[in-house]
Structures are given as structure tokens and as C-alpha cells.
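Chain by chain, the residues run as shown.
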Amino acid sequence: AQSVTQLDSQVPVFEEAPVELRCNYSSSVSVYLFWYVQYPNQGLQLLLKYLSGSTLVKGINGFEAEFNKSQTSFHLRKPSVHISDTAEYFCAVSGGNQGGKLIFGQGTELSVKP
Amino acid sequence: KAGVTQTPRYLIKTRGQQVTLSCSPISGHRSVSWYQQTPGQGLQFLFEYFSETQRNKGNFPGRFSGRQFSNSRSEMNVSTLELGDSALYLCASSLEGTGAYNEQFFGPGTRLTVL
């Protein structure tokens, strides 16, 4: 069975500081990995995805993530955050015989302070 | 192109009632998935429909059911509502339903409150 663990439930950070949101996954098969963002009262928006190839993937809004197979991690990073990045971030996995089914982590609430 | 739309956006029901939520996928998308989001359990997969057939199902009781129509629109139904069914229900659509990866596009959700 696949599972996703987001290691921090809340991450407070000051504006223009760098941030890393941590995600670890477990799976016995090759997986696809995703980061989604959810703003208040909205659905989920895809930030970036890892399907194959280069382990460093770049997404929207200046975010990037690195796939590390040996550590089964897919941490999300941004070198300089803005107030508008305040939102909840979800790491997700799909693959194997699960079809399009996404397994989500519990989410990390990013709070950017001025 | 219009995004995924869900109706209604907000719903208040009482225990024991039933409810039907609707999802219209992006034009051309044939796969629709449903997720339940609660503060305690997070985001959990309910089921996925492709070409009017349920392709995948999560671990929810039989009170939760769904269907998909020939135009790919989907509905989910919850019968005999319980307080614990209060949640944000998210619908996602994708182009195809086959293979392990198809980018899913999420709607804004329906906020269900059970009193």
C-alpha cells in the first residue's frame, strides 16, 4: 500500500525567507509524485509533478521539488516566499495499480508573515 | 475552457437525510474522481468513474455512492447522513482514466454540513 507523510503540519516563515516543506512516501512500486496547493475556500491547484526523468522539477509560482528515491522523499522548496504563498500544501502519490487515484499527505499549512 | 464546476457550493442537511452532489468536468474530460476532505482524516479518495463505469473505489461505507452520465457529468449520493459526513467534497476530472497518471483538475468543492 502507498502512503504519504508530511512531516510538518504548520510552517511559519517571514516574507522573502526560503522555505522547505517536507514529504516522505512509501510504496513498493514506482510512483508519480505531486504537490498541490489549496487556498482558503478553493479546490486544489497542481504546483508541480514528478513522473520520470530529472529529479529536480520546477513548478508554478517559483516552487521546485526534488525527488530522492533512496530517501523516498519529495520535498518542496521556494527560495523566497511572498505573503500570497500563505495556503495549505499537499503532497500526493499515485501509481502502480491505483489508476488515477491520489493518496494525499495530511497537509502543511504555510503561513507567511510580513 | 471552463474549469470543473460543482453544485451546490454549500449545503446544510440534518442527520438521517440523504444528499446528492453534482460535478461537471472540464469539456472533453472523461474521468471524474471524488474526494472527501475533513480536518481529522484529511483528503481521502471516494471513487473514480470513467465512461460511466466505476473504475476505482476507496474505503467508504455503502452509504456513499456515485454515478456518471454519458456526458461525463457525475453525481455522488450520501444516504442516511451522519454528523461525521460533514466535509468538503472535491471533484476532479482528467482526460483519460487509464494508466497511472492523468493530471487531475479539481473543482472548488461542495461544503456539506450535517446537523
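Here's a quick rundown of the structure. (Residues numbered from 1 in each chain as written. Chains lettered and ligands numbered in written order. Predicted model: local features only at pLDDT ≥ 70, side-chain atom pairs only at ≥ 80, totals over all residues. Heavy atoms only, no water.)

The next subject is the overall build of chain B. Counting its secondary structure elements, chain B contains zero helices and eleven strands. Taken from N to C terminus, the helices and strands of chain B fall in the order β-β-β-β-β-β-β-β-β-β-β. In summary, chain B has a C-alpha radius of gyration of 13 Å against a globular reference of 13 Å for 115 residues, a match within 12%. When the backbone C-alpha atoms are referred to their principal axes, chain B occupies close to 35 × 25 × 25 Å. The buried share among the 115 residues of chain B stands at 50%. Nonlocal contacts in chain B, meaning residues at least 24 apart in sequence, comprise 56% of its contacts between residues at least 6 apart. Counting every atom, chain B has about 5300 Å² of accessible surface; 49% of that belongs to carbon and sulfur. Across chain B, 11 positive and 7 negative side-chain charges occur, with their mean positions spaced 6 Å apart. (Helix = DSSP H or I, 4+ residues; strand = E, 2+ residues; numbered from the N terminus. Rg over C-alpha atoms; globule rule 2.2 N^0.38 Å. Buried < 20%, exposed > 50% of the residue type's maximum accessible area, 1.4 Å probe, protein only. Contact = heavy atoms within 4.5 Å. Areas by Shrake-Rupley, 256 points an atom, 1.4 Å probe, with all protein chains shown as cover. Lys, Arg positive; Asp, Glu negative; His and termini not counted. Charge placed at Lys NZ, Arg CZ, Asp CG, Glu CD.)

Residue and element names in this part refer to chain A. Enumeration according to the criterion identifies two disulfides over all chains in this entry. The disulfide that involves C23 links it to C91, with 2.0 Å between the sulfurs. Linking C23 and C91, the disulfide has an S-S dihedral of approximately -65° and is accordingly described as left-handed. Of the two residues, C23 sits in strand 4 (residues 23–26) while C91 sits in strand 10 (residues 87–95), which places them 68 residues apart along the sequence. Residue C23 shares its accessibility class with C91, and that shared class is buried. (Disulfide = S-S within 2.5 Å.)

This next bit is on the interface of chain A and chain B. Listed by partner, the interface residues are 22 residues for chain A and 21 residues for chain B. Both faces considered, chain A and chain B share a buried interface measuring about 1700 Å² in area, 54% of it formed by carbon and sulfur atoms. Linking chain A to chain B there are one salt bridge. With its nearest N and O atoms 3.9 Å apart, the salt bridge here joins K49 of chain A to E103 of chain B. Along the contact surface separating chain A from chain B lie three residue pairs in polar contact (both at pLDDT 80 or more). Those elements giving two or more residues to the side of chain A that touches chain B turn out to be strand 5 (31–38), strand 6 (44–50) and strand 10 of chain A. Ranked by residues supplied to the side of chain A that touches chain B, first place goes to strand 5 of chain A with four residues. A class-by-class count of the residues in the side of chain A that touches chain B yields nine nonpolar, eleven polar and two charged. (Buried area = accessible area lost by both parts, 1.4 Å probe. Salt bridge = Lys/Arg side-chain N within 4 Å of Asp/Glu carboxyl O. Polar contact = N/O pair within 3.5 Å; in protein donor to acceptor, adjacent residues only side chain to side chain. Nonpolar A, V, L, I, M, F, W, Y, C, P; charged D, E, K, R; others polar.)

Here we come to the nonpolar core. Ranked by internal contacts, the top residues of the largest apolar core, which has 29 residues, are L33, W35, L47, L48, F74, L76 and Y89 of chain A. Other than its neighbours up to four places away in sequence, Y89 of chain A contacts Q6, L21, W35, Y36, V37, L47, F63, L76, G107, T108 and L110 of chain A. In this structure, L11, I26, L46 and V78 of chain B belong to the second largest nonpolar core, which totals 21 residues. (Core = buried A, V, L, I, M, F, W, Y, C linked by side-chain atoms within 4.5 Å.)

Residues and elements named next belong to chain B. A sheet is described by the order of its strands in space; here four strands give the open sequence 1-3-8-7, paired in antiparallel fashion. Single-partner strands in this sheet number two, and they are strand 1 (5–7) and strand 7 (64–68). Taken over all neighbouring pairs, the strand axes of this sheet differ in orientation by 20° on average, direction set aside. One ladder, built from five bridges, connects strand 7 with strand 8 (residues 74–78); its direction is antiparallel. From the neighbouring strand, S65 faces strand 8, where its bridge partner is N77. (Pairing = 2+ DSSP bridges. Axes fitted to C-alpha atoms, helices over the stretch in contact; angles between N-to-C directions.)

What follows concerns the environment of E82 of chain B. Residues and elements named next belong to chain B. Position of E82 among the secondary structure elements: in the loop between strand 8 and strand 9 (87–94). E82 sits in the partly exposed class, given a relative accessible area of 42%. For the pair E82 and R15, spaced 67 residues apart in the sequence, the C-alpha separation amounts to 5.2 Å. If near-sequence neighbours (up to four positions away) are discounted, E82 is found in contact with R15, R63 and V114.

To continue, consider the packing of aromatic side chains. Describing an aromatic ring pair means giving the distance of the ring centres and the angle of the ring planes. This model, assessed by the stated rule, comprises 13 aromatic pairs over all chains. Ring centres 4.3 Å apart and planes at 20° place the aromatic pair Y50 of chain A and F67 of chain A in the stacked group. With Y50 of chain A in strand 6 and F67 of chain A in strand 8 (residues 64–68), the pair connects residues that are 17 residues apart, well separated along the chain. F67 of chain A carries the same exposure label as Y50 of chain A, and that label is buried. Judged by centre distance (6.3 Å) and plane angle (85°), the ring pair of F90 of chain A and F104 of chain A falls under edge-to-face. Of this pair, F90 of chain A sits in strand 10 while F104 of chain A sits in strand 11 (residues 103–104), and the two are 14 residues apart along the sequence. For the residue pair F90 of chain A and F104 of chain A, the accessibility class agrees, reading buried in each case. Aromatic rings pair up to connect F34, Y36, F90 and F104 of chain A together with Y35, F45 and F106 of chain B into one cluster. (Phe/Tyr/Trp six-rings, centres within 6.5 Å; stacked < 30°, edge-to-face > 60°.)

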